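A look at the structure
Next come the chains, spelled out residue by residue.
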Amino acid sequence: MATAKDSFFIAAADDARPPRDWTETVVAERGEVLLNQAVNAEYRHLVVRCGPVAAKAVAGQFFQLLCPHPEGEQPFLRRPMSLYGVDPAKSEVEFLYKVTGAGTRGLALIAPGDRLDIMGPLGKGFDLDPGLRHIVAVGRGAGLATLAPLAKAARANGTRVTAIFSARRPDLLVSVDLFRGHGAEVITVTDSQGTSGPAHVERILRGLIADGRAEAFFTCGSSRLMRVQQRLAREFAIAGQVAMEQQMACGLGLCFCCVRDFHVGGEIVHRRVCWDGPVFDLMEALP
C-alpha cells in the first residue's frame, strides 16, 4: 500500500517528466572555445562556438557547462552558467564567470581551440514585451552578466533601457560598456563610494518612475534591491521580472535540488528554479 510519503515521491516523479519536446530546443555538444580571458580582477569572459540550437538562446536562459578538472580536484557536476551573449549569425554563445570553486578553476584553464562540453539553452528567459517603451534593469555582481543580453534584445525591440549596476568597487562593474553600446543609460553605484544602499537606489528608481522611464523592472543579483523594486512595483503598479540565482545539480528539473518558495495567489508554492525559471514574476519571488 502506498503511504503519504510514497504518494509525494510518485507525484514528484510524474511532475519531473519533461513535457517539452527537447529535440529541437536543447543540445549537448562540444563547442570550440574562441576566447577565455580576464575582464577584471574577478570575472572572465568565455566565448564558445556552438551549433544552431544553442545559438537560439535568449536573455535569461542558462547552460550547464562540463568544466575541466584542475590538478588535484575533480568537480562532479556541471556548472550552471547564465547566458552573457549570443550571436546566431556567428554561432557563438558567451558567458561571464567568476572563479570561486573547483569547477570554475578548471574552466579558467581552457584556452582558445580547446573543446568545452555545453548543454542548453535551458530554462525560461526574460519576456520582453514589444509594447514597452522604457524599462529599468537593476543588477549586482553576477546579475550584471545575466542581464547583459537584455541590452541587445531591447534595442532590437525599440525599447529604451536605464540600467542601475551595483558592485563592491568601480573596477568590478561589468556590462557597462555593453549596455551603453546598445544605447542604454547606465547608472553605477558601489559600496566603496557609499552609493549602493537600498535607500539611494530607491531614490533613483522613484526619479525614473516620475519621469515615465520605468514601465517594467528587470533584475538579478541582489535580494535587497529586489525588495525595493517589489515595493515600488506594488505602489505604482509596475510589472517586473527577476532572474533567480540558485545552486543546481541537473539543470533539467529532475533532481529538485533548486526548489525555492514563491508567493502565488496568496499561497506559498514550491518551484524549481532551473525548470520553472530561472526568470520569474517579480512579485512572486521571495528573498
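This one's a predicted model, so the numbers in the text were calculated from it and none came from an experiment.

Some remarks on the pairing of strand β14 (residues 267-272)
In this sheet, β14 lies alongside strand β13 (residues 259-264) in antiparallel orientation, the contact comprising six bridges. Bridging across to β14, V259 finds its partner in R272. Between the end of β13 and the start of β14, which pair antiparallel, lie two residues, with G265 showing a positive phi angle near 60 degrees.

A look at the environment of M119
Along the chain, M119 falls in strand β7 (residues 115-122). According to the relative accessible area criterion, M119 is buried, its value standing at 13%. When residues no more than four places from it in sequence are discounted, the contact partners of M119 are V26, V27, A28, F63, Q64, R78, C250 and L252.

What to know about the pattern of salt bridges
All chains considered together, the criterion is met by twelve salt bridges. For E32, the salt bridge goes to R49, with nearest N and O atoms at 2.8 Å. One end of the pair, E32, is in strand β1 (residues 27-38); the other, R49, is in strand β2 (residues 43-49), with 17 residues separating them in the sequence. E202 is the partner of R206 in a salt bridge, and the nearest nitrogen-oxygen pair spans 3.1 Å.

Concerning the pairing of strand β6 (residues 92-98)
The two faces of a sheet get side chains in turn, since along a regular strand they alternate between them. Of all the seven residues making up β6, five are buried; the element is thus mostly covered by neighbouring parts of the structure. In sequence, strand β5 (residues 85-87) turns back onto β6 through a hairpin of four residues, with S91 there showing a positive phi of about 55 degrees.

Details of the nonpolar core
Formed by 34 residues in total, the largest nonpolar core has its most connected members in V136, I164, L205, L208, F217, V242 and M244. Counting only domains with at least three residues in this core, you end up with domain 1 (27-122) and domain 2 (134-243). Non-local contacts of L208, meaning those with residues more than four positions away in its chain, are made with V136, T162, I164, R213 and A214.

Some details on the packing of aromatic side chains
Under the counting rule described, the total for this entry stands at four aromatic pairs. Their ring planes at 80 degrees and their centres at 5.5 Å tell us that F63 and F95 sit as a pair that is edge-to-face. Of the two residues, F63 is situated in strand β3 (residues 62-66) and F95 in strand β6; the sequence distance between them amounts to 32 residues. On the basis of relative accessibility, which here comes to 0%, the residue F63 falls in the buried class. Judged by its relative accessible area of 0%, F95 falls in the buried class.

Cut-off values and rules
Residues numbered from 1 in each chain as written. Predicted model: local features only at pLDDT ≥ 70, side-chain atom pairs only at ≥ 80, totals over all residues. Heavy atoms only, no water. Pairing = 2+ DSSP bridges. Helix = DSSP H or I, 4+ residues; strand = E, 2+ residues; numbered from the N terminus. Buried < 20%, exposed > 50% of the residue type's maximum accessible area, 1.4 Å probe, protein only. Contact = heavy atoms within 4.5 Å. Salt bridge = Lys/Arg side-chain N within 4 Å of Asp/Glu carboxyl O. Core = buried A, V, L, I, M, F, W, Y, C linked by side-chain atoms within 4.5 Å. Domains from an automatic or database assignment. Phe/Tyr/Trp six-rings, centres within 6.5 Å; stacked < 30°, edge-to-face > 60°.

From the geometry alone we can't say anything about function, so treat these as descriptive.
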